[in-house]
Amino acid sequence: MKSISLVFLMVFFVFCFSQNDIPDVIIQTSYGEIKIKLYDKTPKHRENFLKLAREGYYNGTLFHRVIPGFMIQGGDPESKNAPEGKRLGNGGPGYTIPFEYVPEFFHKRGAVAAARLPDDINPERESSGSQFYIVQGRTFTDEELNKIEKKIGRTIPPNQREVYKTIGGAPHLDGSYTVFGEVIAGMDVVDKIAQLPRDKYDRPLTNVPMKVIAIEKK
C-alpha cells in the first residue's frame with residue numbers, strides 16, 4: 001500500500017508542476033516568444049484575453065509603448081499598419097472590463113496587467129478591453145519603497161517588498177491596475193523590446209508586431 005501511495009503522490013506532483021509550466025498564451029515576436037500564465041482569480045480579464053487571442057484580435061498589433069526599467073505595452077488595434085510616428089494607445093474593442101484587484105497579485109518583474117484610462121476620467125479603474133502591459137521593472141531600496149508606500153497610501157507586504165528589492169518590478173502601480181497574469185518564460189524577450197530606441201511617445205522606432213496564441217489545454 002505504501003508503494004502505491006508513493007507512486008500516486010509522485011504522479012500527482014508531476015501533474016501539478018507540468019500543468020503550472022504550461023502557458024495559457026504565447027506571444028510570438030521577431031525577438032522570440034513570451035509565455036504567459038493567466039490567473040484564475042481574475043476571471044473576467046483571463047477569459048477576455050483568451051477570447052481575443054482565439055479570435056486573432058492581437059495578431060499584427062504592435063508593442064507600441066516601451067519604457068526601459070518599467071514596462072512594454074501593446075494590444076491597441078489601431079497599431080495595425082500604423083504609419084511611422086503615429087501616436088498610439090487609444091484603441092480598443094469598444095468595451096472595458098471591471099477592475100479585478102487581488103492583493104496577492106502585484107507588479108513584480110514579469111507581471112501582466114491591463115492598461116486603462118487615468119483616474120480623473122475613470123474613477124472605477126476599469127481596464128481597457130484589449131491593451132495590456134508586461135512589467136520589466138527595476139529593483140528598489142527600502143528607502144524608495146517607504147516613499148512609494150506613502151504615495152500610494154498602503155503598506156507593501158514583507159514578501160512583496162523582498163521581491164521588489166531583489167527581483168524588481170513597478171510597486172507604484174499596485175492597487176490601481178488589474179494584474180491578471182505573469183510571464184513564465186521569455187523575460188529576455190521583454191528586456192530586448194524594452195531597450196529598443198523610441199520616439200517622444202515611447203513608440204519603438206522599429207515596429208514590434210505580435211501574434212498571440214491561446215494554448216488549448218486538455
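Residues numbered from 1 in each chain as written. Predicted model: local features only at pLDDT ≥ 70, side-chain atom pairs only at ≥ 80, totals over all residues. Heavy atoms only, no water.

Digging into the packing of aromatic side chains
Phase 1 of the analysis: All told, the structure shown has ten aromatic pairs when counted by the stated rule.
Phase 2 of the analysis: Aromatic pair Phe-99 and Tyr-101: ring centres 6.0 Å apart, planes at 5°, arrangement stacked.
Phase 3 of the analysis: Accessibility expressed as a relative area gives 35% for Tyr-101, which makes it partly exposed.
Phase 4 of the analysis: Judged by centre distance (6.0 Å) and plane angle (85°), the ring pair of Tyr-133 and Tyr-177 falls under edge-to-face. Of this pair, Tyr-133 sits in strand 8 (residues 132-135) while Tyr-177 sits in the loop between helix 4 (158-166) and strand 9 (179-185), placing them 44 residues apart in sequence.
Phase 5 of the analysis: Through pairs of rings, three or more aromatic residues link up here, namely Phe-49, Tyr-57, Tyr-58, Phe-63, Phe-132 and Phe-180.
Phase 6 of the analysis: It is Arg-116 that lies over the ring of Tyr-177; its NZ or CZ is 4.4 Å from the centre.
Phase 7 of the analysis: One Lys or Arg, Arg-138, reaches over the ring of Phe-140 and ends 3.9 Å from the middle of that ring. (Phe/Tyr/Trp six-rings, centres within 6.5 Å; stacked < 30°, edge-to-face > 60°. Buried < 20%, exposed > 50% of the residue type's maximum accessible area, 1.4 Å probe, protein only. Helix = DSSP H or I, 4+ residues; strand = E, 2+ residues; numbered from the N terminus. Lys NZ or Arg CZ within 6 Å of the ring centre and 35° of its normal.)

Comments concerning unusual backbone geometry
Phase 1 of the analysis: Located in the positive-phi region is Asn-81, a residue other than glycine, with phi close to 60°.
Phase 2 of the analysis: With respect to the helices and strands, Asn-81 occurs in the loop between strand 4 (71-74) and strand 5 (96-97).
Phase 3 of the analysis: Unlike most non-glycine residues, Arg-125 shows phi in positive territory, near 60°.
Phase 4 of the analysis: Locating Arg-125 in the fold gives a position in the loop between strand 6 (111-114) and strand 7 (127-128).

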